[in-house]
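The lines below spell out each chain.
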Amino acid sequence: MTIFLRNRRAGAAATATALALASLAALAGTATPASASGRATATATATTATALLPASAAALKPASPAASGDPAVPAALTLPRPTGPYATGRDTLFLTDHERTDPWVPAAGARRLLVSLHYPARPGSGGDPAPYMPEAEARLMLAQRGLDDPEWPGLVAATRTYSRTDARPAPGRFPLVLLSPGFGTPRATLTGLAEELASRGHVVATADHPYESTGTELPDGRVLTCAACDEVDAQPDDAGRRKVLAAVSAGRAADFSFLLDRLTGPRPAWRHARTIDARRVGMAGHSIGGNAAASTMAADRRVDAGVNMDGTFFDPVAARGLDGRPFLMLGTDPDHAPGAGDTSWDEGWARLDGFKRWLTVRDSGHFTFTDTPAIGEQLGIVDPDAPLSAARSTTITRAYVTAFFDRSLRGRPARLLDGPAPAHPEVLFQRP
């Protein structure tokens with residue numbers, strides 16, 4: 001795979017660097033990120049090296065228009081605007097589970113979670129747009145992908161969102177959707193999907209799992225790096241790495257059960273918890289977060305439906321199934337087609353025992369289902385191996401995830417899930 005800046009030709013050295021990075025391989029279908037130090041690991045996969053993996057930092061730095069005639073990087077980046085009828089608000093929670101020790105750094109003490117809560121809001125209420133992510137997190141995320149232009153962390157951190165801080169909730173009670181990001185990836189990268197779901201009448205709780213991301217900034221300013229990545233790196237073989245990643249998924253199930261307790265229990269941690277209808281709970285995740293959706297459903301009967309966006313089932317779908325609860329598998333094509341490289345999807349599909357759909361998307365990449373295409377495209381980054389545009393990536397992800405949760409949590413018809421749709425020719429219905 002070779003990555004180019006749009007309207008710019010990469011040099012030979014830059015192309016060689018990109019090819020070397022893209023050739024890192026071992027674990028099919030998962031994003032195995034850099035270690036806490038920011039170095040690339042030998043276990044990264046071809047699907048990991050996607051839209052933000054550069055040819056080189058020098059090649060990716062935009063030339064000035066005066067020098068080259070190329071357009072400059074925009075002064076501000078923005079997420080796609082949500083399409084639902086509700087305005088959206090956002091709160092942040094910092095929670096501590098005193099009954100569990102952190103699995104990756106026991107010396108750190110109790111397990112902690114940082115959670116973004118997006119919710120339907122009253123129009124015109126609230127303060128400034130919610131920030132996208134801290135600059136320290138953006139810097140570490142970009143560095144892991146080899147993007148070290150000094151201007152870019154500030155640009156990415158300041159990406160324009162559409163949710164307002166301190167917004168008043170819209171009247172009513174709404175289904176709850178839990179979101180879990182990919183391994184090594186900050187929760188902010190699912191903001192576009194969270195805002196879309198909130199605009200369509202869901203409360204959305206997106207969790208950062210400390211020590212499982214390139215960087216998680218705590219309220220006191222400390223930044224936790226990826227100790228779990230170091231644990232993956234330390235394994236002597238593929239089987240060892242898979243065992244650690246299965247533990248990541250199972251551990252996230254415990255995180256989300258704790259989060260559900262804190263959002264829907266008798267003494268909720270969130271000031272607007274009354275807006276949540278605890279009888280209707282779904283979960284979606286990207287990469288290892290998608291595996292975690294199945295792990296959480298197996299461990300916690302309160303989660304009624306799940307979505308896996310391009311994640312390997314390192315922690316297999318429970319042999320007993322999911323007690324008839326619905327599940328959507330939405331992935332890249334052909335990597336996640338039946339009989340392709342990730343056989344965990346074939347095995348998982350056979351065990352799913354409720355309403356289920358297996359969809360793959362032509363021309364997509366591992367990060368298609370996140371904010372990466374929209375942000376990368378504005379920075380001028382092109383991945384020839386994942387040519388699906390940011391606009392189509394956003395439209396497809398929003399359409400199928402919201403249709404699935406409308407059907408599963410609201411009982412609404414979802415014809416989009418019945419079969420191929422002319423409006424979405426890239427989406428293939430797999431029927432193994």
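Since we're looking at a predicted model, the values are computed, not measured. (Residues numbered from 1 in each chain as written. Predicted model: local features only at pLDDT ≥ 70, side-chain atom pairs only at ≥ 80, totals over all residues. Heavy atoms only, no water.)

### A closer look at helix α6 (residues 191–199)
Move 1: For α6, a buried count of nine out of nine residues is recorded, marking the element as mostly surrounded by other parts of the structure.
Move 2: Residues of α6 that are buried include every one of Thr-191, Gly-192, Leu-193, Ala-194, Glu-195, Glu-196, Leu-197, Ala-198 and Ser-199, and no others.
Move 3: Gly-201 sits one or two residues past α6 and shows a positive phi near 95°. (Buried < 20%, exposed > 50% of the residue type's maximum accessible area, 1.4 Å probe, protein only. Helix = DSSP H or I, 4+ residues; strand = E, 2+ residues; numbered from the N terminus.)

### Regarding the packing of α6 against helix α12 (residues 390–410)
Move 1: Between α6 and α12, the least distance of the axes is 10 Å, while the angle of their chain directions is 45°. As far as their axial angle goes, α12 and α6 are oblique. Crossing geometry of α6 relative to α12 is assigned as right-handed. Listed contacts from α12 to Gly-192, Leu-193, Glu-196 and Leu-197 of α6 are Thr-397, Arg-398, Val-401, Thr-402 and Phe-405.
Move 2: The class makeup of the residues in the contact of α6 with α12 is four nonpolar, three polar and two charged. (Axes fitted to C-alpha atoms, helices over the stretch in contact; angles between N-to-C directions. Parallel < 35°, antiparallel > 145°, perpendicular 65-115°, else oblique. Left-handed = near helix turned anticlockwise from the far one by under 90°. Contact = heavy atoms within 4.5 Å. Nonpolar A, V, L, I, M, F, W, Y, C, P; charged D, E, K, R; others polar.)

### Thoughts on the packing of aromatic side chains
Move 1: Tallied over the entire structure, the rule returns seven aromatic pairs.
Move 2: Here Phe-313 and Trp-345 contribute two aromatic rings whose centre-to-centre distance is 6.4 Å and whose plane-to-plane angle is 50°, an arrangement assigned as tilted. Pair noted here: Phe-313 is in the loop between β10 (305–309) and β11 (327–332) and Trp-345 is in helix α10 (residues 343–351), with a separation of 32 residues, a long-range link.
Move 3: Judged by relative accessible area, Phe-313 falls into the buried class, the value being 5%.
Move 4: Ring plane angle 65° and centroid distance 6.0 Å describe the contact between Trp-345 and Trp-358, whose orientation is recorded as edge-to-face. Of this pair, Trp-345 sits in helix α10 while Trp-358 sits in strand β12 (residues 356–361), and the two are 13 residues apart along the sequence.
Move 5: The exposure class assigned to Trp-345 is buried, which follows from its relative accessible area of 0%.
Move 6: Three or more aromatic residues joined by ring pairs make a cluster, and in this case those are Phe-313, Phe-327, Trp-345, Trp-349 and Trp-358. (Phe/Tyr/Trp six-rings, centres within 6.5 Å; stacked < 30°, edge-to-face > 60°.)

### Quick notes on the pattern of salt bridges
Move 1: Summed over the entire model, instances satisfying the criterion amount to 24 salt bridges.
Move 2: Close ionic contact of Arg-139 with Glu-135 constitutes a salt bridge, the shortest N to O distance being 3.2 Å. Of the two residues, Arg-139 and Glu-135 both sit in helix α4 (residues 135–144), four residues apart, roughly one turn of that helix.
Move 3: On the basis of relative accessibility, which here comes to 43%, the residue Arg-139 falls in the partly exposed class.
Move 4: Accessibility expressed as a relative area gives 38% for Glu-135, which makes it partly exposed.
Move 5: A salt bridge links Arg-252 to Glu-212, with the nearest nitrogen and oxygen atoms 2.8 Å apart. Pair noted here: Arg-252 is in helix α8 (residues 238–264) and Glu-212 is in the loop between β6 (203–208) and β7 (216–217), with a separation of 40 residues, a long-range link. Per residue, the accessibility class of Arg-252 equals that of Glu-212, and both read buried. (Salt bridge = Lys/Arg side-chain N within 4 Å of Asp/Glu carboxyl O.)

### Points about unusual backbone geometry
Move 1: Look at the link from Asp-333 to Pro-334: it is a cis peptide, with omega at 10°.
Move 2: Its place among the elements puts Pro-334 in the loop between β11 and α10.
Move 3: Located in the positive-phi region is Asp-166, a residue other than glycine, with phi close to 60°.
Move 4: In this fold, Asp-166 is placed in the loop between β4 (163–165) and β5 (174–180).
Move 5: On the basis of relative accessibility, which here comes to 53%, the residue Asp-166 falls in the exposed class.
Move 6: Positive phi is not limited to glycine here, since Asp-363 has a value of about 65°.
Move 7: With respect to the helices and strands, the residue Asp-363 is situated in the loop between β12 and α11 (372–379).

### A closer look at the sheet that holds β10
Move 1: One open sheet holds the ten strands; their spatial order is β4-β2-β3-β6-β5-β9-β10-β11-β12-β14, and the pairing between them is mixed. Since the sheet does not close on itself, it has two edges, and those belong to β4 and β14 (427–429), each with one partner. Taken pair by pair, the neighbouring strands of this sheet meet at an average axis angle of 25°, ignoring direction.
Move 2: As defined by bridge partners, strand β9 (residues 276–286) adjoins β10 across five bridges and the pair is classed as parallel. Within β10, the residue paired with Met-283 across the bridge is Gly-306.
Move 3: In this fold α10 packs onto β10, β11 and β12, with an angle of close to 155° to the strand it touches most, β12. (Pairing = 2+ DSSP bridges.)

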